[in-house]
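Chain and residue survey
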Number of protein chains: 2
Amino acid sequence: MQIPLKTLRAIVGAPHVLTGDDVSSRREDWMTGAPCQAGAIVRPADTEQLSAVMHACHESRQPIVTHGGLTGLVHGAEACPDELVISLERMTAIEEIDRVGGTLTVQAGAPLQRVQEAAREVGLQFPLDLGARGSCTIGGNIATNAGGVRVIRYGMMRQQVLGLEAVMADGRVVSSMNRMLKNNAGFDLKQLFIGSEGTLGIVTRAVLRLQPPTPFEQTAMVACPSFDALTGLLSQMGKALGGSLGAFEVMWQNHYHLLTETLGRHAPPIAPEHPFYVIIESLGSDAERNATQFREALESALESGLIVDAVLAQSSTQRDGLWAIREDIEGLVKGLAPVLTFDVSLPIAEMQRYTDALEAQLTKRWPDARLVVFGHLGDGNLHISVSAGSAELPVRREVEAMVYQPLAALGGSVSAEHGIGLEKRPWLSTCRSSAEIELMQTLKHALDPHRLLNRGKILS
Amino acid sequence: MQIPLKTLRAIVGAPHVLTGDDVSSRREDWMTGAPCQAGAIVRPADTEQLSAVMHACHESRQPIVTHGGLTGLVHGAEACPDELVISLERMTAIEEIDRVGGTLTVQAGAPLQRVQEAAREVGLQFPLDLGARGSCTIGGNIATNAGGVRVIRYGMMRQQVLGLEAVMADGRVVSSMNRMLKNNAGFDLKQLFIGSEGTLGIVTRAVLRLQPPTPFEQTAMVACPSFDALTGLLSQMGKALGGSLGAFEVMWQNHYHLLTETLGRHAPPIAPEHPFYVIIESLGSDAERNATQFREALESALESGLIVDAVLAQSSTQRDGLWAIREDIEGLVKGLAPVLTFDVSLPIAEMQRYTDALEAQLTKRWPDARLVVFGHLGDGNLHISVSAGSAELPVRREVEAMVYQPLAALGGSVSAEHGIGLEKRPWLSTCRSSAEIELMQTLKHALDPHRLLNRGKILS
């Protein structure tokens, strides 16, 4: 490390500069579970301390890696022995809730779930939601522009952020804590820090937009007879449910069949022979109206042949049972081990051709290979799992090529919601032009000329 | 001008380089109506020509001003005799509509209204809407991050843009024509060009997100007995109408009274003695359900005393009659002439204190001064009109100080939706810190080092 530990101790206090076992006993991230390799971990108490830390790092050219909840999936939190980890774990306060304006002001280290709960306590909701809610932090959600299961209704994290504060590479604090829905006074600087994975600055605080509550959920699982019916259903549900369509989660037959029939992990609510299964959810403010509207929309879809079977959840237990199939990542990993997983986006109309061609290519190369597909169809986002007999790097690279390269011609993306990190960096140019990558480098150079922030993540 | 006209003619053809009367017969913008002062106007046919024009301008250090529909309100389109205007009036094609994915690909010069109509023709909607819809262009909407009357439901222009293409100051084309709701493959470059008023690049094409149609509107005008009731009503309507609340437009009594009672331009649908009037609109996909839900929500608000009177539009003529009061800018200008108008945002809870204090300050300085307030309450956005006996610069500056300076302490903004342009540049630092402005300058320098793009707009 370039920076002397005593400099860090002088800023944050000795107990908040971790070294040795206190570093290696921490995991690098959720996925690998490997020990953290960083030279040290520093835990600032507030923006002021973090600013002083970054100023000192800048002076001594000390590269840093920012840690939030460590729930990322693309090795974005990996640190080398010559890197300093900055953990926001002491900056977790919910500072203010404005019920009239519908805003919540929070420090970046607060877990997502605490923000959701705090919003609920004042009769509002914070709609971003994903499986890691208990561990992931608001700062991480912002840095990675988190997605999840409510994007079709409320958008990604970018849309939930009204304002934020960030510490720049040289320690300067840029505070843009806007609280209004509309603010066109100059460049919208917060956009720089949302989704750039900590490479342009460290998010320290944010003003989040809260939404009116939608306490009444209607959930159904339906079966579609064809891909055309599936896209027709998405369109029809969008029209019939208006602003209340809250989820449209699709499982290809290979996903549904594996988890119900093959592995027997779930009793199939619908027979497993259909090509597509969809969990549709409607979020409403009036129990009866929401239920009627939802039932009528499903009946109309049945009548027009867009769906051939449907199960409407009659209780929250039944609802959880339907979602359990969709969310059974553990079953997927066990059933396909060793599994390779991918998170891509592409125009919805191209999806079936794309997955069919991918499956053909995989089984041509490895006759026993298996492909499993599910995802947020309305968002253009597919999660793809591949079992090709090995998860070692050479096989991984070969499968990556099969998954990613066809996206170029389709205008798709190698990362829908997980980000680039280290893992997908070799593939960034598949879906971004050299002019785009050049402009990213221009921004990186302008904001972090010594390349101290999350070195090597996204850009090399 | 630095650039020889023959260079431009060689790129776009002689008929598309305008000089002399062909320039001065054009208006500078909608507001001033003054003749365009630019050295010449060039009209590229496509991105390739525009790229060549910008490359040549960059070589010869020729500053340029981009023209869309010229409906801006902050002198963002003003050009000096040494500046070249680039008009996108020949780039108006709607290139593609993807019904399955719900996207529309369009050239930047297309008028907003044509995009709205094209979306409607395929059974979808493009929800951005504002008074200038017939003239304003998609490129201008993007460059200024346009707002309008549907922001509370669908967000500003930023939220409607999935991808875009821009020509940089040196002529490089950055094409980020993403078509998916989710794409986290590196920095979200489009954000740089949205709302930066043409100072970082020239938007040439865009992929817009379309929404399911909401053909059934319910519209009411209601009267609120107090500001607390007004914010309570906003909250209750948000809850009761869920995702279908489409507009919440408030008129302070001074606005309603002026246009109905004082000027007699409109028969008052509700007696003019209440402190606040609101136009509430619900957008639904089912006529009967939408009507019932809306009526019940209003009845409940009446019962709880949040509103004291209400008129529900029974026909589109009645609906237009209610909106006519809110949209009668001509009446406002006549009634308050010479009028000064402002577009600010601030936290909703602070609005009444802010307007009361402003009125007191105005009438203390000019006993006959009048203040009129209306706006998009749910967006934190107020449009303020002041009559202080003169619209000359010294008075204007004095009133600006009264309007803008108190916003600093409230975390408000000197521009909610109109942008900064030249007009509000002196006041940018009222609501943006020096660190923020420094970062804006850093971006400007990185992307347009010779300051050729919309020189002096936003930043000096």
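These numbers were taken from a predicted model, which means no experiment stands behind them.

Some points on the overall build of chain A
Per the secondary structure count, chain A includes 17 helices and 16 strands. For 460 residues, the compact-globule estimate of 2.2 N^0.38 gives 23 Å, and the C-alpha radius of gyration of chain A, at 23 Å, lies within 12% of that figure. C-alpha extents for chain A along the principal axes are approximately 70 × 55 × 40 Å. The buried share among the 460 residues of chain A stands at 60%.

Quick word on the pairing of strand β10 (residues 216-224) of chain B
All names here are of chain B. The element β10 is extensively covered by neighbouring structure, given that seven of its nine residues are classed as buried. Direction of pairing for β10 relative to strand β12 (residues 276-284): antiparallel, over a ladder of nine bridges. Within β12, the residue paired with Q218 across the bridge is S282. In the sheet, β10 pairs with strand β13 (residues 309-312) via four bridges, with the strands oriented antiparallel. Residue pairing for β13: A223 is matched across the bridge by D309.

What about the packing of aromatic side chains?
In the structure shown here, the tally under the stated rule is twelve aromatic pairs over all chains. Their ring planes at 55 degrees and their centres at 6.4 Å tell us that F227(A) and W252(A) sit as a pair that is tilted. Pair noted here: F227(A) is in helix α9 (residues 227-241) and W252(A) is in strand β11 (residues 245-252), with a separation of 25 residues, a long-range link. When its relative accessible area of 6% is taken as the criterion, F227(A) is described as buried. Here Y404(B) and W427(B) contribute two aromatic rings whose centre-to-centre distance is 5.6 Å and whose plane-to-plane angle is 55 degrees, an arrangement assigned as tilted. Of this pair, Y404(B) sits in helix α15 (residues 393-410) while W427(B) sits in the loop between α15 and α16 (428-431); the two residues are 23 residues apart in sequence, bridging distant segments of the chain. Looking at Y404(B), the relative accessible area reads 0%, which means it is buried. For W427(B), a relative accessible area of 11% translates into the label buried. The cationic tip of R153(A) hangs over the ring face of Y154(A); the distance from NZ or CZ to the ring centre is 4.3 Å.

As for the side chain of K444(A)
Mapped onto the elements, K444(A) comes out in helix α17 (residues 434-447). Relative accessible area serves as the criterion here: at 5%, K444(A) is assigned to the buried category. There is a polar contact of 3.0 Å between the side chain of K444(A) and the backbone oxygen of L453(A). When sequence neighbours within four positions are dropped, the list of residues in contact with K444(A) reads T199(A), L200(A), P449(A), R451(A), L453(A), L459(A) and F187(B).

Topic: the sheet that holds strand β1 (residues 17-18) of chain B
Residues and elements named next belong to chain B. The four strands are arranged β1-β2-β4-β3 in an open sheet whose pairing can be described as mixed. Among the strands making up the open sheet, the edge pair consists of β1 and β3 (64-67). Sheet topology note: the β1/strand β2 (residues 40-42) ladder contains two bridges and is antiparallel. When the bridges of β2 are listed, V17 appears paired with V42. Taken strand by strand, helix α3 (residues 47-59) contacts β2, β3 and β4 (84-87), and its axis lies near 165 degrees from that of β4.

Observations regarding the sheet that holds strand β5 (residues 94-98) of chain B
Residues and elements named next belong to chain B. The strand order β5-β6-β9-β7-β8 describes an open sheet built from five strands, whose pairing is antiparallel. Looking along the sheet, the strands with just one partner apiece sit at the ends: β5 and β8 (173-176). The mean angle between the axes of side-by-side strands here comes to 10 degrees, regardless of whether they run parallel or antiparallel. With six bridges connecting them, strand β7 (residues 161-167) and strand β9 (residues 202-209) associate as antiparallel partners. Bridging from a neighbouring strand, V167 pairs with I202 of β9.

Thoughts on the packing of helix α10 (residues 253-262) of chain A against helix α13 (residues 329-336) of chain A
When two helices pack together, their arrangement is given by the angle between their axes and by how far apart the axes lie. Residues and elements named next belong to chain A. Two elements in contact, α10 and α13, have axes separated by 10 Å at closest approach and are oriented at 90 degrees. In terms of orientation, α10 lies roughly perpendicular with respect to α13. Of the residues in α13, those touching α10 at H255, L258 and L259 are G331, L332, G335 and L336. Taken together, the residues of the contact of α10 with α13 break down into four nonpolar, three polar and no charged.

With respect to the relation of the copies chain A and chain B
Mapping between the two chain copies consists of a rotation about an axis together with a translation along that axis. Superposing chain A onto chain B requires a rotation of 180 degrees together with a translation of 0.0 Å along the rotation axis, leaving an RMSD of 0.0 Å. Such a combination of turn and shift is consistent with a two-fold rotation axis. For chain A, the minimum C-alpha distance to the rotation axis belongs to G243(A) and amounts to 2.2 Å. Interface overlap between copies: 100% of the residues of chain A at the interface are likewise at the interface in chain B, consistent with a symmetric, same-surface contact.

Re the nonpolar core
Within the largest apolar cluster, 230 residues are counted, with the highest numbers of intra-cluster contacts made by L233(A), F248(A), I280(A), L233(B), F248(B) and I280(B). Ignoring any residue separated from it by four or fewer positions in sequence, one finds L233(B) in contact with V222(B), C224(B), F248(B), V278(B), I280(B), A301(B), L306(B) and I307(B).

Concerning unusual backbone geometry
All names here are of chain A. Residue P338 follows A337 across a cis peptide bond; omega there is -10 degrees. Within the secondary structure, P338 is located in the loop between α13 and β14 (339-345). At N454, a residue that is not glycine, the phi angle is positive and equals roughly 40 degrees. Locating N454 in the fold gives a position in the segment after α17.

Quick notes on the interface of chain A and chain B
Opposite the 88 residues of chain A that make contact, chain B presents 88 residues. For the pairing of chain A and chain B, the buried interface totals around 6,700 Å² over both sides, and the portion due to carbon and sulfur atoms is 59%. Broken down residue by residue, the surface that chain A buries against chain B is led by K182(A), N184(A) and F187(A), which jointly contribute 15%. Taken together, the links from chain A to chain B amount to ten salt bridges. For E296(B), the salt bridge goes to R289(A), with nearest N and O atoms at 2.5 Å. At the surface where chain A touches chain B, the tally comes to 40 residue pairs in polar contact (both at pLDDT 80 or more). Broken down by secondary-structure element, the contributors of at least two residues to the side of chain A that touches chain B are α6 (151-154), α7 (157-160), β8 (173-176), α8 (190-193), α9, α11 (287-303), α16 (428-431) and α17 of chain A. Among the elements that make up the side of chain A that touches chain B, the one with the highest residue count is α17(A) (ten residues). Residues of the side of chain A that touches chain B, tallied by class, amount to 36 nonpolar, 35 polar and 17 charged.

Calculation notes
- Residues numbered from 1 in each chain as written.
- Chains lettered and ligands numbered in written order.
- Predicted model: local features only at pLDDT ≥ 70, side-chain atom pairs only at ≥ 80, totals over all residues.
- Heavy atoms only, no water.
- Helix = DSSP H or I, 4+ residues; strand = E, 2+ residues; numbered from the N terminus.
- Rg over C-alpha atoms; globule rule 2.2 N^0.38 Å.
- Buried < 20%, exposed > 50% of the residue type's maximum accessible area, 1.4 Å probe, protein only.
- Pairing = 2+ DSSP bridges.
- Phe/Tyr/Trp six-rings, centres within 6.5 Å; stacked < 30°, edge-to-face > 60°.
- Lys NZ or Arg CZ within 6 Å of the ring centre and 35° of its normal.
- Polar contact = N/O pair within 3.5 Å; in protein donor to acceptor, adjacent residues only side chain to side chain.
- Contact = heavy atoms within 4.5 Å.
- Axes fitted to C-alpha atoms, helices over the stretch in contact; angles between N-to-C directions.
- Parallel < 35°, antiparallel > 145°, perpendicular 65-115°, else oblique.
- Nonpolar A, V, L, I, M, F, W, Y, C, P; charged D, E, K, R; others polar.
- Least-squares fit on C-alpha atoms with pLDDT ≥ 70 in both.
- Core = buried A, V, L, I, M, F, W, Y, C linked by side-chain atoms within 4.5 Å.
- Buried area = accessible area lost by both parts, 1.4 Å probe.
- Salt bridge = Lys/Arg side-chain N within 4 Å of Asp/Glu carboxyl O.

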